[in-house]
2 protein chains.
Amino acid sequence: MQTGRKVYLDYAATNPLAPGVFEAMLPFFSEAYGNPASLHQWGDMARQALDESRAKVASLIGGAPEELIFTGSGTESNNLAIKGLSLGQQAKGKHIVVSAIEHFSVLHSVRTLEKSGFQLTEVPVDKHGVVDPDEVKRSLRKDTVLVSVMLANGEVGTIQSIKDIARVVKEAGILFHTDAVAAAGNIPVNVKDLGVDALSLAANQFYGPKGAGALWLRRGVRVIPLLDGGIQEGGKRAGTENVPTIVGMGKAAELAQKDMPARIKHCIPLRDRLIRGLLAEVKHSLLTGHPSQRLPGHASFCIEYIEGESMLMLLDAHGIAVSSGSACTSRALKASHVLLAMGLSHEVAQGSLLFTMGMDNTTDDIDYVLGVLPQVVDRLRQISPLYHKSTAS
Amino acid sequence: MQTGRKVYLDYAATNPLAPGVFEAMLPFFSEAYGNPASLHQWGDMARQALDESRAKVASLIGGAPEELIFTGSGTESNNLAIKGLSLGQQAKGKHIVVSAIEHFSVLHSVRTLEKSGFQLTEVPVDKHGVVDPDEVKRSLRKDTVLVSVMLANGEVGTIQSIKDIARVVKEAGILFHTDAVAAAGNIPVNVKDLGVDALSLAANQFYGPKGAGALWLRRGVRVIPLLDGGIQEGGKRAGTENVPTIVGMGKAAELAQKDMPARIKHCIPLRDRLIRGLLAEVKHSLLTGHPSQRLPGHASFCIEYIEGESMLMLLDAHGIAVSSGSACTSRALKASHVLLAMGLSHEVAQGSLLFTMGMDNTTDDIDYVLGVLPQVVDRLRQISPLYHKSTAS
């Protein structure tokens, strides 16, 4: 069974670096090691690198460099957005609206705010994970101070019509944030076109390094910092800047902007080949998320009568890396709140299987997976009491 | 004037990497790029690396690996300690005690808590920046839930008797945190000897990478997370772990533990040579901080009748990198709260000049500085109205 072949299909968990990203970071681990806050040549070198990265990341999403706050992760960006914007507006009201399929960094940030008197409305999604702008509109109250709906969902790949959702929120004069961590760098994202007030992104979702995120915040919007201390990032995020990873994020953003059409063209056929093949070869399987409005390299399924984790382990023994949901919660072993919100049962949701692909993948990789997976599924179903009970009845 | 010579004496702002640290990080930028949360080989590699780093950093400070929370910076560690511990204890009371010379990541975190009803007592320091344990004892109240006093001050180098302070705090049954960002990795630090409940450190203060900090938290102490989301770091700090920088922190900790005696032996003579030479060569200069209880590579002064920033610029033109206080606030151009708390006047505090040295520095570096500095000072005093007024009177 051990073929020695390795196929990484877990790009949603984290990406390898694109060629050129590490080389851009390299000088900032050696001679250019200064602190950007320092008033000397070493500081100048670091500061200039920060400025250049800020311009590149801002350009990727159509924002102005001075509107960008660098953070340590997509999670930190979402925490800063949800907590910082809500607390900055709490004199106006304490009601927050988010969709039911947000990442836990959004949902749990709201839960924390609930402990200090904020109220939450979760907007439902349809069976494809789509948020209806009219539902958002109906959820708005006089005391609503923030709405947050993600641009694309990392677990099921569905892309929302953020522009339409933002419009109804902005018509009501309410701040709108979108978690674009899974989307930015992978599909075109422009803050002006979208009409949002705040947008989160993370470098390790577009072939950049871990430890580098950003929050784009429209000029003039008030945010209460999460991290107090020095006056870095315009006083909005204290702490010595992680210069090498920020430089890596800048380079990754530059490459993402340039290469996006080629990347999308590479990933969509792989995704569609896997979706077609898997649904044909594996009985009792279903695609999760939207059939067409989905991320280019994203194919997610539920394989009925099997637990996702057991599939992961057997696939891993074949050198195939996949996921059964969000990496952030993979060790919690609970049915995904995203799948449940889309109307799937606990049983079906347990068979979640998520393939996310990128520039290192080939057609051969997909065919290898399509060869291995049906065997794995059959083997697991042979020992699944759930399967025998169901097929016997 | 441009000699081409470069002398970096701003180690307190940030350190270059020790030999071997970058090499340890390298694989985690290339083949070992997985997310530690992922349930496959790529995830296993990353997770194992995290575990090893956790053990190394814990060993540096005498703690248990499972008591360590990795963060993105010393600032984040201090924010998590101050806010997370205070909020975790607020049912007991809302009074916090800190010293007057804490880093802004501690002081401003308390300011933020004051907005939600917490009260602060700032304990004064003596002219050497020393906190008297009896003053701490007198500041304690029935509703005190947290005391935080830094182990060593990054601006004036003074090392506190944390053990004595911790004792009076623990006798009163109150949580004690120490900001050891400037100290850990540079002088022996052992959480058990010190008797503290929580301790902050940062890799870029001991030849490790930027973007890597940690909070050691005694087993069983409750902390409210700053970053909500996934279940990373035992649920205490959400967000995909920055594996390469954490690995770098682990390697830096390992080296710091091994090489500490040699490093101290290298730095103290350089420090003392600079202190002796500067006080002899530059009129109207004084050492700030404690004359002997100070960090090994730390020499801080006030040069009267001159502004620190103007000295920085002229020294930079000679290739010498120094600082005029904390890098985190260098662009705020205010007199240091640390120097004011030690009883220096605003005028004298403006002439703050901070030399912090490390393993790349030599006796020649110090002699070069001692040759250049008196000229720089003379030149600046010639155009200083303050100096002429003072020496004329």
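Parameters and conventions
- Residues numbered from 1 in each chain as written.
- Chains lettered and ligands numbered in written order.
- Predicted model: local features only at pLDDT ≥ 70, side-chain atom pairs only at ≥ 80, totals over all residues.
- Heavy atoms only, no water.
- Least-squares fit on C-alpha atoms with pLDDT ≥ 70 in both.
- Contact = heavy atoms within 4.5 Å.
- Axes fitted to C-alpha atoms, helices over the stretch in contact; angles between N-to-C directions.
- Helix = DSSP H or I, 4+ residues; strand = E, 2+ residues; numbered from the N terminus.
- Parallel < 35°, antiparallel > 145°, perpendicular 65-115°, else oblique.
- Left-handed = near helix turned anticlockwise from the far one by under 90°.
- Nonpolar A, V, L, I, M, F, W, Y, C, P; charged D, E, K, R; others polar.
- Domains from an automatic or database assignment.
- Buried area = accessible area lost by both parts, 1.4 Å probe.
- Salt bridge = Lys/Arg side-chain N within 4 Å of Asp/Glu carboxyl O.
- Polar contact = N/O pair within 3.5 Å; in protein donor to acceptor, adjacent residues only side chain to side chain.
- Pairing = 2+ DSSP bridges.
- Buried < 20%, exposed > 50% of the residue type's maximum accessible area, 1.4 Å probe, protein only.
- Right-handed = clockwise from strand over helix to strand, strands pointing away.

(A) Structural context of the relation of the copies chain A and chain B. Overlay of chain A on chain B (RMSD 0.0 Å): rotation 180 degrees, translation along the axis 0.0 Å. Classification of the inter-copy transformation places it as that of a two-fold axis. For chain A, the minimum C-alpha distance to the rotation axis belongs to glycine 72 of chain A and amounts to 3.2 Å. Take the interface residues of chain A: 100% of them recur as interface residues in chain B, which is what a same-surface contact looks like.

(B) Spatial organisation of the packing of helix α8 (residues 243-281) of chain B against helix α12 (residues 363-382) of chain B. Residue and element names in this part refer to chain B. Where α8 contacts α12, the two axes come as close as 10 Å, and the packing angle between them is 15 degrees. Here α8 is positioned roughly parallel relative to α12, judged by the angle of their axes. Note on packing geometry: the crossing formed by α8 with α12 is right-handed. Counting all contacts with α8, which are made through Leu270, Arg273, Leu274, Gly277, Leu278 and Glu281, the residues of α12 involved are Thr363, Ile366, Asp367, Val369, Leu370, Leu373 and Pro374. Tallied by class, residues from the contact of α8 with α12 come to 8 nonpolar, 2 polar and 3 charged.

(C) Examining the domain arrangement of chain A more closely. Residues and elements named next belong to chain A. Its domain assignment divides chain A into domain 1 (7-15 + 260-392) and domain 2 (21-255). One C-alpha centre belongs to domain 1, the other to domain 2, and the line joining them spans 28 Å. Taken residue by residue, the interface counts 31 residues in domain 1 and 34 residues in domain 2. Taken over both partners, the interface formed by domain 1 and domain 2 buries close to 2,600 Å², and the fraction arising from carbon and sulfur atoms is 58%. Linking domain 1 with domain 2 are 0 salt bridges. Taken together, the connections running from domain 1 to domain 2 amount to 15 residue pairs in polar contact (both at pLDDT 80 or more). Counting only elements with at least two residues in the side of domain 1 that touches domain 2, the list comes to α8 (243-281), β10 (298-303) and α10 (337-341). Here the side of domain 1 that touches domain 2 gets 4 residues from one element, more than from any other, and that element is α10. In terms of residue class, the side of domain 1 that touches domain 2 is made up of 15 nonpolar, 14 polar and 2 charged.

(D) The sheet that holds strand β6 (residues 175-179) of chain B, seen in detail. Residues and elements named next belong to chain B. With respect to topology, 7 strands assemble into an open sheet ordered β2-β8-β7-β6-β5-β3-β4, the strand pairing being mixed. Only two strands of the sheet have a single partner each, and these edge strands are β2 (68-71) and β4 (119-123). Here the strands of the sheet are splayed against their neighbours by 20 degrees on average, with no regard to which way each runs. Relative to strand β5 (residues 144-148), strand β3 (residues 95-99) runs parallel, the two being bridged by 4 bridges. From the neighbouring strand, isoleucine 96 faces β5, where its bridge partner is leucine 146. Here helix α2 (residues 41-61) sits on the sheet in contact with β2, β7 (198-202) and β8 (213-217), set at roughly 110 degrees to β2. In the packing of helix α6 (residues 162-171) onto the sheet, the strands contacted are β5 and β6, and the crossing angle to β6 comes to about 160 degrees.

(E) Structural view of the pairing of strand β3 (residues 95-99) of chain A. Residues and elements named next belong to chain A. Most of β3 is tucked away: 5 of the 5 residues are buried. The alternating pattern of β3 places His95, Val97 and Ser99 and Ile96 and Val98 on opposite faces, both of which are buried. The sheet contact formed by β3 and strand β4 (residues 119-123) spans 5 bridges and is parallel. Within β4, the position partnered with valine 98 by the bridge is glutamate 122. Assessed by its sense of winding, the connection that carries the chain from β3 through helix α4 (residues 104-114) to β4 is right-handed.

(F) Focus on the pattern of salt bridges. Residues and elements named next belong to chain A. Counted under the stated rule, the structure contains 38 salt bridges over all chains. Arginine 219 is the partner of glutamate 67 in a salt bridge, and the nearest nitrogen-oxygen pair spans 3.9 Å. Of the two residues, glutamate 67 is situated in the loop between α2 (41-60) and β2 (68-71) and arginine 219 in the loop between β8 (213-217) and α8; the sequence distance between them amounts to 152 residues. Measuring nitrogen to oxygen at the nearest pair gives 3.8 Å for the salt bridge that ties glutamate 254 to lysine 251. Highlighted residues: glutamate 254 and lysine 251, both in helix α8, separated by 3 residues, approximately one helical turn.

(G) Geometry of the interface of chain A and chain B. Contacts between chain A and chain B engage 64 residues on the former and 64 residues on the latter. Carbon and sulfur atoms supply 59% of the area that chain A and chain B bury against each other, a total of about 5,500 Å² over both sides. For chain A, the biggest contributors to the area lost against chain B are Tyr33, Leu39 and Lys210 of chain A; these three give 14% of the whole. Counting across the interface, chain A meets chain B through 2 salt bridges. The salt bridge involving aspartate 228 of chain A is made with lysine 83 of chain B; its shortest N-O contact spans 2.8 Å. Where chain A touches chain B, the interface holds 22 residue pairs in polar contact (both at pLDDT 80 or more).

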